[in-house]
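Single-letter residue listing:
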Amino acid sequence: WMYAAAMVIIVFVCATIAFQSGKRVLQNQLTRITVEAPYGSKTKLYLPDGTLVWLNAGSKIQYDSDFGKKNRLLKLSGEAYLEVAKDEDCPFIVDAGEVKVKVLGTCFNVRAYKDNEEIKVALLRGSVEMETNNGDMLKLVPKDIAHFNIQTKETGICHNTGYSQNCIGWIDNKFIFNGESFEQITKILERTFNVKINIHKESIKKRCFIGDFVNNE
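Residues numbered from 1 in each chain as written. Predicted model: local features only at pLDDT ≥ 70, side-chain atom pairs only at ≥ 80, totals over all residues. Heavy atoms only, no water.

> Please clarify how the overall build of the chain should be interpreted in this entry.
Along the backbone of the chain there are 3 helices and 15 strands. The buried share of the chain, reckoned over its 217 residues, is 35%. Sequence-distant contacts, at least 24 apart, represent 43% of the contacts inside the chain between residues at least 6 apart. In the structure as shown, the chain presents an accessible area of about 12900 Å², 54% of it carried by carbon and sulfur atoms. (Helix = DSSP H or I, 4+ residues; strand = E, 2+ residues; numbered from the N terminus. Buried < 20%, exposed > 50% of the residue type's maximum accessible area, 1.4 Å probe, protein only. Contact = heavy atoms within 4.5 Å. Areas by Shrake-Rupley, 256 points an atom, 1.4 Å probe, with all protein chains shown as cover.)

Written out as structure tokens, the structure reads:
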């Protein structure tokens, strides 16, 4: 009877732990909203606080169901352009993994694809603060582009009138290349058109190109 009772207790404890664990997972899934833009497409949406978000191909955002009430935390994987609704009492934070961008109300673009070496934040209007996971803090003004190298952990800001506008060309089906390597360009084309591109000649991967293309030419 003692062995039987012990087995019953063990089974009961295990079942209780499994139930509570499953309950927490289910609650997290029910309270978190996920929006994705698969390869070959773009997605436009408005968040509960009125913020406009454009998601580029191969991108995903996540936010809590009470977004805008207690916090405005948005998790991003990929690239997004945002026109943030102003709320001085509740800062808007974009968590891109290695980098967090904090704003009150502004327009900016974040590129944080997992297969890219750099995370880039381009500010069009307003002001933002970009904090890296190693403690660096950068303040951006309009037409600034901040970058963070995931491998070297180096950060920097450049001021470029053209690029800050060109970085959102993807919303209007424009490709604007300003010295990107052929390897970087193929990644953009793969996501945009949902295709796989193989580069057989290694020497061409690092060659850089400049060019503008409109309406998916």
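> Teacher, can you tell me more about the pattern of salt bridges here?
Opposite charge on two side chains allows them to pair when their charged atoms are near. One pass over the structure, following the stated rule, counts 10 salt bridges. With its nearest N and O atoms 3.3 Å apart, the salt bridge here joins Lys-153 to Glu-98. Of this pair, Lys-153 sits in the loop between strand 12 (144-149) and strand 13 (155-159) while Glu-98 sits in the loop between strand 6 (92-95) and strand 7 (99-103), and the two are 55 residues apart along the sequence. Note on Glu-98: relative accessible area 22%, which makes it partly exposed. The residue Glu-202 makes a salt bridge to Lys-205 at a minimum N-O spacing of 3.1 Å. (Salt bridge = Lys/Arg side-chain N within 4 Å of Asp/Glu carboxyl O.)

> Can you help me understand the environment of Phe-213 in this one?
Counting through the fold element by element, Phe-213 comes out in strand 15 (residues 208-214). Residue classification places Phe-213 among the partly exposed residues on the basis of a relative accessible area of 35%. Note: C-alpha distance between Phe-213 and Phe-175 (38 residues apart in sequence) is 5.0 Å. Dropping the residues within four chain positions of it, Phe-213 is found in contact with Asn-173, Lys-174, Phe-175 and Phe-177.

> Is there a simple way to think about the pairing of strand 6 in this case?
Where a strand is regular, its side chains alternate between the two sheet faces. Inspection of the sheet shows strand 5 (residues 72-83) paired to strand 6 by 4 bridges, in the parallel sense. The partner of Leu-74 across the bridge, within strand 6, is Val-94. Pairing of strand 6 with strand 7 involves 4 bridges; the strand directions are antiparallel. Bridge pairing in strand 7 places Phe-92 opposite Val-103. Connecting strand 6 to the next strand, strand 7, in antiparallel fashion are 3 residues, including Gly-97 with a positive phi near 90°. (Pairing = 2+ DSSP bridges.)

> Would you take a moment to explain the packing of aromatic side chains for this structure?
By convention here, two paired aromatic rings are described through the distance between centres and the angle between planes. Under the counting rule described, the total for this entry stands at 6 aromatic pairs. Judged by centre distance (5.4 Å) and plane angle (65°), the rings of Tyr-63 and Phe-67 are edge-to-face. In this structure, Tyr-63 and Phe-67 share a single accessibility class: buried. Grouping aromatic residues by their ring pairs yields a cluster made of Phe-175, Phe-177, Phe-193 and Phe-213. The lysine or arginine in question, Arg-191, covers the ring of Tyr-113, its NZ or CZ lying 3.5 Å from the ring centre. (Phe/Tyr/Trp six-rings, centres within 6.5 Å; stacked < 30°, edge-to-face > 60°. Lys NZ or Arg CZ within 6 Å of the ring centre and 35° of its normal.)

> When you look at the confidence of the model for the chain in this model, what are you seeing that I'm missing?
If pLDDT is low for a region, its predicted coordinates should not be looked at in detail. Considering every residue of the chain, the mean pLDDT works out to 85; 83% of them sit at 70 or more. For the chain, per-element mean pLDDT is lowest for helix 1 (residues 2-31), which scores 55, and highest for strand 3 (residues 52-55), which scores 97. Under a pLDDT of 50 for its full length, residues 25-30 has, in the predicted model, 0 contacts with residues more than four places off or in other chains. (pLDDT = per-residue confidence, 0-100.)

> What is the right way to read the environment of Phe-67 from this model?
With respect to the helices and strands, the residue Phe-67 is situated in the loop between strand 4 (59-64) and strand 5. Separated by 36 residues in sequence, Phe-67 and Thr-31 place their C-alpha atoms 9.9 Å apart. The residues touching Phe-67, leaving out its near neighbours within four places in the chain, are Leu-47, Pro-48, Asp-49, Arg-72, Leu-73, Leu-74 and Phe-92.

> Whenever I open this one, helix 3 (residues 182-193) confuses me. Can you help?
Residues separated by three or four positions in an α-helix point in the same direction, a consequence of the helix having 3.6 residues per turn. End to end, helix 3 covers 16 Å across 12 residues, agreeing with the expected 16 Å (1.5 Å per residue, within 8%). Where helix 3 is concerned, the buried positions are Ile-185, Thr-186, Ile-188, Glu-190 and Arg-191. Close packing links the buried residues of helix 3 with strand 14 (174-181) and strand 15. The first or second residue beyond helix 3 is Asn-194, which carries a positive phi of 55°. (Expected span 1.5 Å × (residues − 1).)

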